[in-house]
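Examination of the molecular architecture
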2 protein chains.
Amino acid sequence: MKFKNTVFEKIVNRKSVFQGKYLALQTLVVKLPDGRLGEREIVRVKDAVAVLPLDNDGNVHLVRQYRAAIDKTLLEIPAGLLNGDESARQAAVRECEEETGYRPRAVTKLITYAHAEGYSTGFMTLYIGTDLEYTGRIHLDSTEFLETVSMPYHELFNMVQENRIMDSKTILCTLMGKSFIMKNVRTIEP
Amino acid sequence: MKFKNTVFEKIVNRKSVFQGKYLALQTLVVKLPDGRLGEREIVRVKDAVAVLPLDNDGNVHLVRQYRAAIDKTLLEIPAGLLNGDESARQAAVRECEEETGYRPRAVTKLITYAHAEGYSTGFMTLYIGTDLEYTGRIHLDSTEFLETVSMPYHELFNMVQENRIMDSKTILCTLMGKSFIMKNVRTIEP
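Residues numbered from 1 in each chain as written. Chains lettered and ligands numbered in written order. Predicted model: local features only at pLDDT ≥ 70, side-chain atom pairs only at ≥ 80, totals over all residues.

When helices and strands are counted, chain A shows 3 helices and 10 strands. Moving toward the C terminus, one meets the helices and strands of chain A in the order β-β-β-β-β-β-β-α-β-β-β-α-α. Counting only C-alpha atoms, chain A reaches 60 × 45 × 30 Å along its principal axes. Out of the 190 residues in chain A, the part that is buried amounts to 40%. Looking at chain A alone, contacts between residues at least 24 apart form 59% of all its contacts between residues at least 6 apart. (Helix = DSSP H or I, 4+ residues; strand = E, 2+ residues; numbered from the N terminus. Buried ≥ 20, exposed ≤ 12 C-beta atoms within 10 Å, placed from the backbone. Contact = placed C-beta atoms within 7 Å.)

See the structure below:
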């Protein structure tokens, strides 16, 4: 596949509008291909990881939590932000254990993607977590409240097909994990 | 599947921090289940739609554009925000024609999801667009510059598998559209 030599805009200035605890807001001035100036509003957030923890019986371990931005309680795979200088893989193992009590001895990367490319700097990396050890060491942030929910993988897959799972990371991980899971777990079909 | 009767936080106050052209920032005060107060930073954006336009020869019509937030040029399905009081379906038909010049006479809904449930109010609805009429009526916003790119669907599918597509809407639409496409297009395999 070949692309034309299209010229796109260039960022020429960056101004901080708000610096919060979790996100920052900036306005960018861009030079458009026709020479005019334009403005873009962007949100800076930390990159994140999410893991679908899959045990040897074909069950997955999820979390149910309230999301204030959309005022809804969602069923999701465990996820979180990268801490300090840890790698995405380390963050995935840590978040999985902290939120579900299951520590994956192996994590397989599925994909990295921009979750809101129109206005956010944030990238998400998705993993399947396997060879799970139940440590029970659930450790949540002081203002984080969630509930663990386990179910067969095929039940989660059906919920995605029925649009009953509302967040992109869980939908994507469930769909992209299917061929991995079919290969690695014998007992997965109902 | 049954959930426990977990009590989650409740929003008790909402403060506007920034009102831009495309997005607004608010801080929320929430009452946590243990009675303490917490703060959440959220971004308010309009809901959006995206369409995978698929012709009778099994080709898809995409756009390549620069995304300032991540400072990268991405290959994506046509997408945009809902205008005024138009429905998601109307917005999908309009955005498809305005960005690619192809007007879908039929759009089939795949899914609606929250694209950044941790901090954004935004929902995205995905469609497959079929029975395409080429009108050539490309009409971009005054600060929008993009390039159209056509390719066989299976080539896009392979790019997704190789993590060469970076945005969640295009990845999701390509994966979720597969069974629809396999049923409706005979000439799709290489």
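Further notes follow.
Let's shift gears to the domain arrangement of chain A. Partitioning chain A into structural domains gives domain 1 (10–44) and domain 2 (48–184). Using C-alpha coordinates to define each centre, domain 1 of chain A is positioned 31 Å away from domain 2 of chain A. (Domains from an automatic or database assignment.)

Relative to the elements of secondary structure, P33 of chain B occurs in the loop between β2 (24–31) and β3 (37–44). The partly exposed category is assigned to P33 of chain B, around which 14 C-beta atoms lie within 10 Å. Sequence separation of P33 of chain B and L23 of chain B is 10 residues, and the distance between their C-alpha atoms is 30 Å. In this view, P33 of chain B contacts F145 of chain A together with V7, F8 and E9 of chain B; residues no more than four positions away in its chain are not counted.

In this section: the sheet that holds β3 of chain B. Residue and element names in this part refer to chain B. Spatially, 3 strands are ordered β1-β2-β3 in an open sheet, and the strand pairing comes out antiparallel. The open sheet has two edge strands, β1 (10–19) and β3, and neither has a second partner. Averaged over all adjacent pairs, the angle separating strand axes in this sheet is 25 degrees, with direction ignored. Inspection of the sheet shows β1 paired to β2 by 8 bridges, in the antiparallel sense. (Pairing = 2+ DSSP bridges. Axes fitted to C-alpha atoms, helices over the stretch in contact; angles between N-to-C directions.)

A separate point is the interface of chain B and chain A. Opposite the 58 residues of chain B that make contact, chain A presents 58 residues. Sorting the residues of the side of chain B that touches chain A by element identifies β1, β2, β3, β5 (59–67), β6 (72–76), β8 (102–114), β10 (146–152) and α3 (168–184) of chain B as the ones contributing at least two each. Here the side of chain B that touches chain A is composed, by residue class, of 34 nonpolar, 12 polar and 12 charged. (Nonpolar A, V, L, I, M, F, W, Y, C, P; charged D, E, K, R; others polar.)

Turning next to the relation of the copies chain B and chain A. One chain copy maps onto the other through a rotation about an axis and a shift parallel to that axis. For the pair chain B and chain A, the relating rotation is 180 degrees, the translation along its axis is 0.0 Å, and the fit reaches an RMSD of 0.0 Å. Accordingly, the operation relating the two chain copies is best matched by a two-fold axis. Of all interface residues in chain B, 100% are interface residues in chain A too; the two copies therefore contact each other through one and the same surface. (Least-squares fit on C-alpha atoms with pLDDT ≥ 70 in both.)

A few words now on the nonpolar core. By size, the foremost hydrophobic cluster in this structure holds 92 residues, and its most contacted members are A50 and V51 of chain A together with A50 and V51 of chain B. Beyond its immediate sequence surroundings of up to four residues, V51 of chain A is in contact with I77, P78, A92, E95, C96, P104, V107, Y127 and G129 of chain A. (Core = buried A, V, L, I, M, F, W, Y, C linked by C-beta atoms within 7 Å.)

The subject of this paragraph is the packing of helix α2 (residues 153–161) of chain B against α3 of chain B. All names here are of chain B. Viewed as axis vectors pointing N to C, α2 and α3 meet at an angle of 135 degrees, and their least axial separation amounts to 10 Å. By the angle between their axes, α2 is oblique relative to α3. Viewed along their axes, α2 and α3 form a crossing whose handedness is left-handed. Contacts between α2 and α3 pair Y153, L156, F157 and V160 from the former with I171, T174, L175, K178 and I181 from the latter. Of the residues belonging to the contact of α2 with α3, the class tally is 7 nonpolar, 1 polar and 1 charged. (Parallel < 35°, antiparallel > 145°, perpendicular 65-115°, else oblique. Left-handed = near helix turned anticlockwise from the far one by under 90°.)

A few words now on helix α1 (residues 88–100) of chain A. Residues and elements named next belong to chain A. With 13 residues, α1 should reach 18 Å at 1.5 Å per residue; the first-to-last C-alpha distance of 18 Å fits that figure. Along α1, the positions that sit buried rather than exposed are A91, A92, V93, E95, C96, E97, E99 and T100. For α1, the secondary structure elements touched by its buried residues are β4 (48–53), β5 (59–67), β7 (79–81), β8 (102–114), β9 (123–134) and β10 (146–152). Phi for G101, located one or two positions after α1, is positive at around 85 degrees. (Expected span 1.5 Å × (residues − 1).)

Residue and element names in this part refer to chain A. The backbone of D71 shows a phi angle near 50 degrees, a positive value even though the residue is not glycine. The residue D71 is located in the loop between β5 and β6 (72–76) in this model. Given 12 C-beta atoms within a 10 Å radius, D71 is considered exposed.

Once that is clear, we can look at the environment of T108 of chain A. Residues and elements named next belong to chain A. As for its position among the elements, T108 is in strand β8. The spatial distance from the C-alpha of T108 to the C-alpha of R89 is 8.8 Å, given a sequence separation of 19 residues. With residues near it in sequence (within four places) discarded, T108 still touches Y127, I128 and F180.

Residue and element names in this part refer to chain A. Taken in spatial order, the 4 strands make up an open sheet running β7-β4-β9-β8, and their pairing is mixed. The outermost strands of the open sheet, each flanked by one partner alone, are β7 and β8. Taken pair by pair, the neighbouring strands of this sheet meet at an average axis angle of 25 degrees, ignoring direction. Across 3 bridges, β4 lies against β7 in antiparallel orientation. Bridge assignment links A50 to a residue of β7, and that residue is A79.

Its place among the elements puts N5 of chain A in the segment before β1 (10–19). In the structure, N5 of chain A is positioned 17 residues away from Y22 of chain A in sequence and 38 Å away in space, judged by C-alpha atoms.

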